[in-house]
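Each chain, written out:
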Amino acid sequence: MSSTRLPPRVSFASLTPNNLGTVRKLNSVLFPIKYSEKFYNDILQPELEDFCKLVGTFCCRIETSGGQMKLYVMTMGVLAPYRSRGLGSQCLDHIIRTAADHQNPHLSAIFLHVQISNPAAKTFYERNGFKELGVFENYYKKLVPHDAWILEKEVTAGDAGEIDAA
């Protein structure tokens, strides 16, 4: 009898004032940075609902860079016991597909920073089509090492797809 491992079922829950405490706790466990109250107020903005979800956690914002609108991945993390189960890949896939489907404004790229002491994360993003643009020296003021890789993926029509409503 063969056992086929089924992909995990993932529901992407929108952030609300009711689950913001959970996001704060996840961020404190997943990331070595203490996020400001402005960060938490900003991620509740209605226009970011598709880009800030709770499953582990991922939060993004829309930025203008070089005259183009881009999606900046501020945080993305899965708690250690749930890693290596495809959850991070599903989160990133959701971010990529949602960015490709987003029309107002049109998003030309997705970018993020990865601390240079985390080559596994860099490799994960590169496997998913991100390219290194360079190193941002002294990006992290309170962390050592201070430097971060800048990674970016161009958003193309081929990235679009049906987003599962959950």
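In what follows, the accompanying structure is described. Remember, it's a predicted structure, so these values are computed and weren't measured experimentally.

All right, on to helix 4 (residues 119-127) then. Residues spaced three or four apart along an α-helix point in a common direction, a consequence of the helix completing one turn every 3.6 residues. Residues of helix 4 that are buried: Ala121, Lys122, Phe124 and Tyr125. Relative to the axis of helix 4, the buried residues are bounded by an arc of 160° and lie together on one face. Exposed and facing more than 90 degrees away from the buried side of helix 4 are Ala120 and Arg127. Immediately beyond the C-terminal end of helix 4, within one or two residues, lies Gly129, with a positive phi of roughly 95°.

Under the definition given, this model contains eight salt bridges. One salt bridge connects Lys38 with Asp42, and the closest N-O pair in it is separated by 2.6 Å. Placement of the pair is Lys38 and Asp42 together in helix 2 (residues 37-42), with a separation of four residues, close to one helical turn. Notably, a salt bridge pairs Lys153 with Asp159, separated by 3.5 Å at the nearest N-O pair.

This paragraph deals with the nonpolar core. Formed by 24 residues in total, the largest nonpolar core has its most connected members in Leu71, Met76, Ile95, Ile110, Tyr125 and Phe130. Elements supplying a minimum of two residues to this core: strand 3 (57-65), strand 4 (68-77), helix 3 (87-101), strand 5 (109-115), helix 4 and strand 7 (148-154). In terms of residue count, the dominant contributor to this core is helix 3 (six residues). Look past the residues within four positions of Met76 in its chain and what remains in contact with it is Phe31, Thr57, Phe58, Gly88, Cys91, Leu92, Ile95, Phe124 and Tyr125. Counting residues in each nonpolar core, the second largest holds 16 residues, with Leu15, Tyr40, Ile43 and Met74 among its members.

Quick look at the environment of Gln45 now. Assignment of secondary structure puts Gln45 in the loop between helix 2 and strand 2 (52-54). In this structure, the C-alpha to C-alpha distance between Gln45 and Leu15, residues 30 residues apart in sequence, is 9.4 Å.

Time to look at the packing of aromatic side chains. Overall, the coordinates contain eight aromatic pairs when judged by the stated rule. With 5.0 Å between their ring centres and 85° between their planes, Phe39 and Tyr40 make a pair best called edge-to-face. A relative accessible area of 9% means that Phe39 is categorised as buried. For Tyr40, a relative accessible area of 4% puts it in the buried group. Here the guanidinium or amino end of Arg24 rests over the ring plane of Tyr40, the centre of that ring lying 4.4 Å away. Lying across the ring of Trp149, Lys122 places its NZ or CZ 4.9 Å from the centre.

Quick notes on the rules
- Residues numbered from 1 in each chain as written.
- Predicted model: local features only at pLDDT ≥ 70, side-chain atom pairs only at ≥ 80, totals over all residues.
- Heavy atoms only, no water.
- Buried < 20%, exposed > 50% of the residue type's maximum accessible area, 1.4 Å probe, protein only.
- Helix = DSSP H or I, 4+ residues; strand = E, 2+ residues; numbered from the N terminus.
- Arc of directions from axis to C-beta.
- Salt bridge = Lys/Arg side-chain N within 4 Å of Asp/Glu carboxyl O.
- Core = buried A, V, L, I, M, F, W, Y, C linked by side-chain atoms within 4.5 Å.
- Contact = heavy atoms within 4.5 Å.
- Phe/Tyr/Trp six-rings, centres within 6.5 Å; stacked < 30°, edge-to-face > 60°.
- Lys NZ or Arg CZ within 6 Å of the ring centre and 35° of its normal.

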